[in-house]
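Single-letter residue listing:
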Amino acid sequence: MTETLQNSYDVVVIGGGAAGLNGALMLARSRRSVLVVDAGQPRNAPAAGVHGLLGREGMAPGDLLARGRDEVRSYGGQVVAGTVESAARHDAGFVVTLADGSRVRARRLLVTTGLVDELPEVPGLRERWGREVVHCPYCHGYEVRDQAIGVLATGPMSVHQALMFAQLSDDVVYFVHESPAPTGEAAERLAALHIPVLAGTVTAAEVADDRLVGLRLADGTLVRRDAIAVATRMVARAGFLGDLGLRPVPHPSGFGEHLPVDELGRAEVPGVWAAGNVTDLTAQVGAAAAAGALAGAQLNADLIEERVREAVAARADGFSAADEARVAERVLGDRRHGLAG
């Protein structure tokens with residue numbers, strides 16, 4: 001890290017994706033001192049473009065974040081590259097420790113570190129992630145339209161995923177892999193849309209000339225596919241919050257683990273907010289950015305309330321010499337008199 005850090009900030013934003021940058025933008029425009037610590041590991045880094053985001057359709061993920069960082073800095077916010085190792089209580093706020101040993105204090109924290117996609121242990125699958133191996137029909141579906149698509153089953157929602165991708169292509173095959181074969185209504189729904197169900201364990205994603213060609217089954221059969229849809233297990237990046245007693249918990253959907261927050265983005269530990277995929281596992285870029293904006297506004301409101309409470313308490317204690325000096329300076333300027341602060 002080359003940028004000089006201040007000793008303390010109103011808010012430290014941990015994570016520099018859409019949620020973190022939009023939250024920081026709201027705070028910086030409210031004249032808050034804000035630091036964004038970005039580890040540079042966005043979930044959508046392998047993707048060619050961001051989709052479903054009005055006004056920025058198809059924009060490269062890196063370009064979107066670079067623009068966001070510039071916007072935050074234009075209002076006085078600070079954005080640095082780094083990884084947060086831990087966050088702990090310090091007086092009425094927090095102390096944040098980075099991997100390089102740097103420490104900064106914060107009155108509040110906004111956690112926007114996103115999640116990690118855990119793919120099935122199938123050789124070749126991870127290498128094609130974000131290219132021919134996709135998960136979301138809204139994020140990548142149009143780009144694989146009319147292609148030969150394979151849906152690699154990983155759980156009960158995989159049937160639903162196959163039905164979604166059948167809207168985008170007439171050639172969809174469902175690979176049972178290591179999951180139970182669909183039965184009853186699930187099997188009937190797949191059959192109704194003419195989606196074949198293939199039994200057998202998938203042993204590899206085959207690639208030729210830097211392009212996916214299909215999935216190899218345990219019996220040696222190569223089922224040619226242009227794209228593979230797979231539902232990942234999504235796990236929030238929040239291990240650094242352990243000292244605060246905050247840990248990811250199973251998401252009600254069964255999709256993975258998240259950091260729970262209330263409707264305003266507040267976590268269970270006072271002073272900590274979270275937004276984006278770290279808490280909402282299925283949020284796309286637009287939804288993550290909106291959640292970050294909401295959290296930023298709520299953080300600013302919380303800090304305002306703290307200031308008002310302190311001012312009211314001070315007023316109740318009486319009109320101090322410091323109060324008189326401030327009033328005199330505002331009213332009389334260079335002609336002021338009274339006690340020194």
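Residues numbered from 1 in each chain as written. Predicted model: local features only at pLDDT ≥ 70, side-chain atom pairs only at ≥ 80, totals over all residues. Heavy atoms only, no water.

Let's talk about the overall build of the protein
Helix and strand content of the protein: 6 helices and 19 strands. Here the protein has a C-alpha radius of gyration of 25 Å; the compact-globule value for 341 residues is 20 Å, and the former is much larger. Based on the C-alpha atoms only, the size of the protein along its principal axes is roughly 90 × 35 × 35 Å. Excluding contacts between residues fewer than 6 apart, the proportion of contacts in the protein whose partners are at least 24 apart in sequence is 57%. Carbon and sulfur atoms provide 51% of the accessible area of the protein, an area that totals close to 17,500 Å². (Helix = DSSP H or I, 4+ residues; strand = E, 2+ residues; numbered from the N terminus. Rg over C-alpha atoms; globule rule 2.2 N^0.38 Å. Contact = heavy atoms within 4.5 Å. Areas by Shrake-Rupley, 256 points an atom, 1.4 Å probe, with all protein chains shown as cover.)

Here we look at the pairing of strand β6 (residues 103-111)
Two elements, strand β1 (residues 8-14) and β6, share 6 bridges in a ladder whose sense is parallel. By the bridge assignment, I14 is partnered in β6 with V111. Inspection of the sheet shows strand β5 (residues 93-98) paired to β6 by 4 bridges, in the antiparallel sense. Bridge pairing links F94 to A106 in β6. Here β5 folds back onto β6, and the loop between the two strands holds 4 residues, one of which, G101, carries a positive phi near 95°. Sheet topology note: the β6/strand β19 (residues 272-274) ladder contains 3 bridges and is parallel. (Pairing = 2+ DSSP bridges.)

Re the packing of helix α1 (residues 18-29) against helix α2 (residues 61-74)
The contact between α1 and α2 brings their axes to 9 Å, and the two run at 20°. Taken together, the axis directions place α1 and α2 in an arrangement best described as roughly parallel. Every pair of crossing elements has a handedness; the one defined by α1 and α2 is left-handed. Contacts between α1 and α2 involve A18, L21, A24, L25 and A28 from the former and L65, G68, R69, E71 and V72 from the latter. A per-class count over the contact of α1 with α2 returns 7 nonpolar, 1 polar and 2 charged. (Axes fitted to C-alpha atoms, helices over the stretch in contact; angles between N-to-C directions. Parallel < 35°, antiparallel > 145°, perpendicular 65-115°, else oblique. Left-handed = near helix turned anticlockwise from the far one by under 90°. Nonpolar A, V, L, I, M, F, W, Y, C, P; charged D, E, K, R; others polar.)

Quick look at the sheet that holds strand β16 (residues 233-236)
Spatial ordering of the open sheet is given by β7-β16-β18-β17, a layout of 4 strands whose pairing is mixed. Both outer strands of the open sheet, β7 (115-118) and β17 (249-250), are each paired with one neighbouring strand and no more. Bridge count for β7 against β16 is 4 bridges, and the pairing is antiparallel. Residue pairing for β16: D117 is matched across the bridge by M234.

Looking at the confidence of the model for the protein
Across the protein, the average pLDDT comes to 92, with 93% of residues at or above 70. For the stretch residues 335-341, pLDDT sits under 50, and the model shows 12 contacts to residues farther than four places along the chain or on other chains. (pLDDT = per-residue confidence, 0-100.)

Examining the nonpolar core
Within the largest apolar cluster, 27 residues are counted, with the highest numbers of intra-cluster contacts made by V12, L109, V111, L241 and V272. When residues of this core are traced back to their parent elements, those giving at least two are β1, β2 (34-38), β4 (84-90), β5, β6 and β19. The element that contributes the greatest number of residues to this core is β6, accounting for 4 residues. In contact with V12, other than residues within four places in its own chain, are L35, V37, V96, V104, R105, A106, R108, L109 and L110. Membership of the second largest hydrophobic core comes to 20 residues, among which are V13, A19, L65 and A295. (Core = buried A, V, L, I, M, F, W, Y, C linked by side-chain atoms within 4.5 Å. Buried < 20%, exposed > 50% of the residue type's maximum accessible area, 1.4 Å probe, protein only.)

Some words on the side chain of T279
By the element assignment, T279 lies in the loop between β19 and α5 (285-316). T279 gets classed as buried once you look at its relative accessible area, which sits at 13%. Polar side-chain contacts of T279 include one of 2.6 Å to the backbone oxygen of L259. Apart from the residues within four sequence positions on either side, T279 is in contact with H251, H258, L259, P260, V261 and A274. (Polar contact = N/O pair within 3.5 Å; in protein donor to acceptor, adjacent residues only side chain to side chain.)

Section: the pairing of β16
Across 2 bridges, β16 lies against strand β18 (residues 256-258) in parallel orientation. Residue pairing for β18: M234 is matched across the bridge by G256.

Regarding the pattern of salt bridges
Under the counting rule described, the total for this entry stands at 16 salt bridges. The closest approach of N and O atoms between E118 and R233, which form a salt bridge, is 3.2 Å. Residue E118 is located in strand β7, and its partner R233 is located in strand β16; the two are separated by 115 residues in the primary sequence. Taking relative accessible area as the criterion, E118 reaches 38% and is therefore assigned partly exposed. Its relative accessible area of 38% is what places R233 among the partly exposed residues. Salt-bridge contacts for D210 lead to R128; the nearest nitrogen and oxygen are separated by 3.0 Å. With a gap of 82 residues between them, D210 in the loop between β12 (202-207) and β13 (212-217) and R128 in the loop between β7 and β8 (133-134) connect regions that are remote in the sequence. Relative accessible area serves as the criterion here: at 5%, R128 is assigned to the buried category. Residues participating in the shared-partner salt-bridge network are D10, R107, R108, D302 and E306. (Salt bridge = Lys/Arg side-chain N within 4 Å of Asp/Glu carboxyl O.)

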